[in-house]
Amino acid sequence: MRINTRFAVAVHALVLIAINDDSGLPITSQLIAKSVGTNPVVIRRMLSRLKRDGFIQAQAGCPGYRLTKSSGEITLKEIYTAMGTDGEEGEERPLFAVHPSPFQRCPVGRHIHESLEEPLWQAQMALENALDQYTLQEVSRNISLKISEEKEQQK
């Protein structure tokens, strides 16, 4: 998938849900949108994708969302993969895209795609392997610690 904010926004939303899961506070698209600093429609679209991919659920008649499994069971790679697919078929987009129509009569243009294929694939794998080492719980815990430190400093 291309580098964009969908992954970070999805992690942001899931951390809000994870941190508040036990508090009983409903985490709505409105609240997430305010925290992210974007339109609730954008968040609802993203939440719909996260729901479709089994990360969250909404309870009928109750506002807000809940995680479908423990935050320790959700890796950042899983979120990255979910946010990097397009359309109904779930076709994954590569992280790096090469311009689609290089001039074929130019020797560089003729060979740029195949020459970049291996290094870009290696970079994609390195990113995915790194993200697979972290869970949503670790990100949530890190944020919770920073919130506690802020509260201590305000005393």
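So, here's what we can say about the structure.

The rules behind each value
- Residues numbered from 1 in each chain as written.
- Predicted model: local features only at pLDDT ≥ 70, side-chain atom pairs only at ≥ 80, totals over all residues.
- Heavy atoms only, no water.
- Buried < 20%, exposed > 50% of the residue type's maximum accessible area, 1.4 Å probe, protein only.
- Helix = DSSP H or I, 4+ residues; strand = E, 2+ residues; numbered from the N terminus.
- Arc of directions from axis to C-beta.
- Contact = heavy atoms within 4.5 Å.
- Core = buried A, V, L, I, M, F, W, Y, C linked by side-chain atoms within 4.5 Å.

## Comments concerning helix α2 (residues 29–36)
- Inspection of α2 places Ser29, Ile32 and Ala33 among the buried residues, and these make up the whole buried set. One side of α2 carries all its buried residues, which in axial view fall inside an arc of 100°. Exposed residues lying more than 90 degrees from the buried face of α2 are Gln30 and Lys34.
- Taken together, the buried residues of α2 touch α1 (6–20), α3 (40–52) and β2 (65–67).
- Count one or two residues on from α2 and you reach Gly37, which has phi positive near 85°.

## Quick notes on the nonpolar core
- Core analysis: the largest hydrophobic core is formed by 30 residues, its most contacted members being Met46, Leu47, Leu50, Ile56, Ile79 and Leu136.
- When residues of this core are traced back to their parent elements, those giving at least two are α1, α2, α3, β2 and α4 (76–83).
- No other element matches α1, which puts ten residues into this core.
- Setting aside residues no more than four positions away along its own chain, Ile56 makes contact with Leu14, Ile17, Leu47, Leu50, Lys51, Tyr65, Arg66, Leu67 and Thr68.

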